[in-house]
Each structure stands twice: as structure tokens, then as C-alpha cells.
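# Residue-level structure breakdown
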Amino acid sequence: MSAGTPRSLASSGQKSIQDINHPLSAEESAPSRSPDVLNPSGAAGEKDLSLPNGTPIDTSSPASSSSLLNRLQLDDDLDGETRDLFVTVDDPKKHVSTMETYITYRVCTKTTRTEFDLPEYSVRRRYQDFDWLRNKLEESQPTHLIPPLPEKFVMKGVVDRFSEEFVETRRKALDKFLKRVADHPVLSFNDHFNAFLSAKDLNKRQGLALLTKMGESVKYVTGGYKLRGRPIEFATMGDYLDMFTQKLGTIDRIAQRIIKEQSEFLMELREYGPVYSSWSSFEEELHDPLEGVSGCVSNCSSALDELTEDMSEDFLPVLREYVLYIESMKNVLKKRDQVQAEYETKLEAVVFREDKKTPVPTDVEKCQDRVECFNADLKADWDRWQNNKRQDFRQLLTGMADKNIQYYEKCLAAWESLIPLLQDKQEARDETN
């Protein structure tokens, strides 16, 4: 979901950086803040990202007044939030060449933001373009949770990646990925996202090796330093993610077993119905009732087929998306820990120095700012993720309940339609006797 009332989008945290007590210096007054803390990527100093064409960009989150004032209100937003960027993924097409075969999807965008040159765009993208976008978002916004993409590879011989069912399932997942990015108050202003939505051709070869200062600092911190300990709120997040992973894994295994058993039962039903129809040709008196039973079994088979298809195409993909979401969240937590470890390392070097009168180095202050910025952004994204999760699972479970009710209602209606036929036969027999 996007922001509700016009506000600065420099950081998605609920509080300003100055209002957040750092876990390692709660009793001390925080050092003076560097302007670099307002960079949502957490990078200290210069900003070294680039567009696909190599043009340097600013990673701060622009929020022009005209863009915010032209927001469009949606009735389905949970908390009265507004949106000014609408993205859809549709119209998959298969492309066959001498070198490869692949699927492209149409990405349509409508917006009132002045950051875009036009109010509407329509471009075609393939999976690797979506993968490029996600990688660039991870590089340029390391303090934020990046929504997951569906898995790129499938088991050979198990799923045909060019089948209509697979392509439609992937289209839905890619559509959800872009909508989650478009609804984010920081990620949606990323210039790579702008280029993905508007550029006719993406030059992805340029700028692939560029990383943010945050990303570079993360690399050399992991040299065996043992973190003093996550703050309790982030430790609680980690424990919740571990528990949630186990629950989703159990539900996924059981759901797949149910689908397998339903599919086997469906095969038996499809063989069961024609037997009654064949039998009716030899029983003149029982012809109508036997044909009625055959029709009932056929209707029940169709209802079960729909229920099984709904579970495969609607229920399981949500579970798998959140398994990938959990991995993304764990990666962000790990990056946060690495930035904290860098800060603790530098802080210890200052504490144990001989000259106590020397002022705290600027790089230590900047590092603390990055930790606080990371904490604020991660907390905001955690709350956003929890809200999305509640909404998604409420819709998922309600839909599953409705589908099961509809299935049993169809089966009941099929068998109830047989009762008048049997009653007529009984009345005719009574009259004959």
C-alpha cells in the first residue's frame, strides 16, 4: 500500500532518525546526524547508482508536491491509503527464435506522478527483466524488504513452463510483484523501477557491477566478528520467521497431499460414472435412474476438478510466495546485523584508543546513522509486510472456504436432482401394482 497523507518519503520509518534510540547507546545522547542518513539506501556519501543506460541517478526518494496532491483514492485500501501509480501485467506471448524460446508479458502503467514523462505506458518484459529489476532494487535499497519473484526454474518433466497453466500462474505472481513495489512509498520512486515501467528497451549490461556504499561496507564486515546481539525486537522477528516457515512448510505438504488424493479420487469418479451409463443400456426399467446416477457422478467430478484446480492455482502459489518472502526478510535482517557489526567494530576501536580526547571519527557517526536508518526502514517494512500478510491470508482462507462450500453445494444439488426421478419411478410402479 502507498502512503496515506502527503509526507516526506526519504525514509519509510515510522519515526524520524533523531527519535530512535540506538540499542548500543540508549543511555547516551546520539552524535550529530550526517545529511547522508536521509539517503534511504543507507549509503554514506556519494550516490553511485545508474539507470540501465548508464546515467547516474539519485537514490533518495523524491516526493514532489504535485505528485502527492494528485493521488487517487482507492476504496479497497485497508487504512485509507492513496495511490497514484497503477501497474498491471497481462497478455503473455510466446516468442520462438533459432536461439531460444521465451515468454514476454505486457506491463501497463497509469500514473499521475510528475517523475514520469507520460501518464500511460505499455511495454513488454520477459522474466529476466523482472529479475534484473529486483536485483537493482536490492542493490540500491538494501535497507528495504524487496518482494519476491516466482522461482525461475521448474523441475524438468514435472511442469511445462510454456503451458497455459504455468504461464498464467507466473503472470499472476509477476503482477503481484510489481503491484507490491508500486505500493511501496520508497521502492516505487526508485529510478530503476521507473526505467523498467517506461523504457522501451532495457540496457541491462550497464551498471550491473555497481553497488551502493552500503552494499560494499557489508562485504568486508563479515570477517568473523561476532555480533553482540540483535535488539530484542529484531530477534523476535527472526524467531517469528523461523516459526512461520515451519507452519507454512507443514501446510504446503498437507495441501499437496490433499491435492494428490483429490486427483486420484477424481480419476476414479471419471471411471465410475460411465459404468452406470453402460449398465442402463441393459436395464430398461432402471434406465432413467442409472443415467441419473451417471449424471450425478459426472457433475460431482466436474465440481471436484474445479476445487482441485483452485487449490493448485490459487492456494499453493500464495504459500510459496510467502516462503520466498520469508527468505527475503531473513536476508534483510542479515544485512542489518552486518551493518550493526560494522558499527560495533568501529566503535570498539574508538573506545580502546589511547587518546581519549580525540573526537569520535565521522565514519563512526555515519555508521551509526546507517544502523538507525536500517532499523527504521526495516520496522516500517515489517509492519507493511504484516498488514499485507493478514490481508492476503484473510482473502485466501475466505476464498478457500467459499470454494469448499460451493463444491459441496454442487454435489448436493446433483444428488437432490435424482430424488424426483426415483419418486416418479416409485409412483409408476405403485400404480402398476
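About the criteria used
Residues numbered from 1 in each chain as written. Predicted model: local features only at pLDDT ≥ 70, side-chain atom pairs only at ≥ 80, totals over all residues. Heavy atoms only, no water. Helix = DSSP H or I, 4+ residues; strand = E, 2+ residues; numbered from the N terminus. Buried < 20%, exposed > 50% of the residue type's maximum accessible area, 1.4 Å probe, protein only. Contact = heavy atoms within 4.5 Å. Areas by Shrake-Rupley, 256 points an atom, 1.4 Å probe, with all protein chains shown as cover. Salt bridge = Lys/Arg side-chain N within 4 Å of Asp/Glu carboxyl O. Axes fitted to C-alpha atoms, helices over the stretch in contact; angles between N-to-C directions. Parallel < 35°, antiparallel > 145°, perpendicular 65-115°, else oblique. Left-handed = near helix turned anticlockwise from the far one by under 90°. Nonpolar A, V, L, I, M, F, W, Y, C, P; charged D, E, K, R; others polar. Pairing = 2+ DSSP bridges. Core = buried A, V, L, I, M, F, W, Y, C linked by side-chain atoms within 4.5 Å. pLDDT = per-residue confidence, 0-100. Phe/Tyr/Trp six-rings, centres within 6.5 Å; stacked < 30°, edge-to-face > 60°. Lys NZ or Arg CZ within 6 Å of the ring centre and 35° of its normal.

## Points about the overall build of the protein chain
A count of helices and strands for the protein chain gives 9 helices and 7 strands. When each of the 433 residues of the protein chain is scored for burial, the buried share is 44%. Long-range contacts, defined here as pairs at least 24 residues apart, represent 76% of the contacts in the protein chain between residues at least 6 apart. Here the protein chain has roughly 23,400 Å² of accessible surface; of this, 54% comes from carbon and sulfur atoms.

## Some details on the pattern of salt bridges
Within this structure, the stated rule accounts for 21 salt bridges. The salt bridge partner of Glu321 is Arg180, with a shortest N-O separation of 3.0 Å. Here Glu321 is found in helix 7 (residues 287-351), whereas its partner Arg180 is found in helix 3 (residues 164-182), with 141 residues between them in sequence. As far as the burial class goes, Glu321 and Arg180 line up, both buried. Residue Glu233 is joined to Lys379 by a salt bridge in which the shortest nitrogen-to-oxygen separation is 3.2 Å. Here Glu233, found in helix 6 (residues 232-280), pairs with Lys379, found in helix 8 (residues 362-416); they are 146 residues apart in sequence, far enough to count as distant. For Glu233, a relative accessible area of 37% puts it in the partly exposed group. A network of salt bridges, in which partner residues are shared, links Lys176, Arg180, Glu321 and Asp392.

## Focus: the packing of helix 6 against helix 7
For the pair helix 6 and helix 7, interaxial distance at closest approach is 8 Å and the crossing angle is 165°. It follows from the interaxial angle that helix 6 and helix 7 lie roughly antiparallel. At the point where helix 6 passes helix 7, the crossing takes the left-handed sense. For the contact of helix 6 with helix 7, a count of residues per class yields 30 nonpolar, 13 polar and 8 charged.

## Digging into the sheet that holds strand 5 (residues 85-96)
In space, the 3 strands of this open sheet follow the order 5-6-7, with antiparallel pairing throughout. Bordering the open sheet on either side are strand 5 and strand 7 (120-126), each of which pairs with just one other strand. Each strand of the sheet is rotated relative to its neighbour by a mean of 20°, with strand direction disregarded. Pairing of strand 5 with strand 6 (residues 101-111) involves 10 bridges; the strand directions are antiparallel. Bridge pairing links Phe86 to Lys110 in strand 6. Of the strands in this sheet, strand 5, strand 6 and strand 7 are in contact with helix 2 (residues 127-140), which crosses strand 7 at around 105°. Packing against the sheet, helix 4 (residues 191-198) makes contact with strand 5, strand 6 and strand 7, and its axis sits at approximately 90° to strand 7.

## A few points about the environment of Gly399
One can find Gly399 in helix 8. Owing to a relative accessible area of 27%, Gly399 belongs among the partly exposed residues under this scheme. In this structure the C-alpha to C-alpha distance between Gly399 and Asp310, which are 89 residues apart in sequence, comes to 9.4 Å.

## Let's talk about the nonpolar core
Core analysis: the biggest nonpolar cluster contains 32 residues, and Tyr322 and Trp385 have the highest contact counts within it. Every element with two or more residues in this core is listed here: helix 6, helix 7 and helix 8. Looking at this core, the element that brings in the most residues is helix 7, giving 15 residues. Dropping the residues within four chain positions of it, Tyr322 is found in contact with Arg180, Phe244, Leu248, Trp385, Asn388, Lys389, Asp392 and Phe393. Judged by nonpolar contacts, the second largest core, of 28 residues, contains Tyr121, Leu178, Ala182 and Leu187.

## Some remarks on the confidence of the model for the protein chain
Atomic detail in the predicted coordinates should be set aside for any region of low pLDDT. Put simply, the protein chain has an average pLDDT of 76, and 69% of its residues get 70 or more. Considering only residues more than four positions removed or in separate chains, one finds that residues 1-80, a stretch of pLDDT under 50, has 183 contacts.

## With respect to the packing of aromatic side chains
According to the stated counting rule, one finds 15 aromatic pairs in the structure shown. Judged by centre distance (5.3 Å) and plane angle (45°), the ring pair of Trp382 and Trp385 falls under tilted. Placement of both Trp382 and Trp385 in helix 8 is noted, with a separation of 3 residues, approximately one turn of the helix. The same class applies to Trp382 as to Trp385, namely buried. Aromatic side chains Tyr407 and Tyr408 sit 4.9 Å apart centroid to centroid with 65° between the ring planes, which places their arrangement in the edge-to-face category. By relative accessible area, Tyr408 is classed as exposed at 54%. A connected cluster of aromatic rings, assembled from ring pairs, spans Tyr240, Phe244, Tyr322, Tyr325, Trp382, Trp385 and Phe393. A cation over a ring is seen here: Arg113 above Phe189, with NZ or CZ 3.9 Å from the ring centre. Over the ring of Trp385 we find Lys389; its NZ or CZ atom is 5.9 Å from the centre of that ring.

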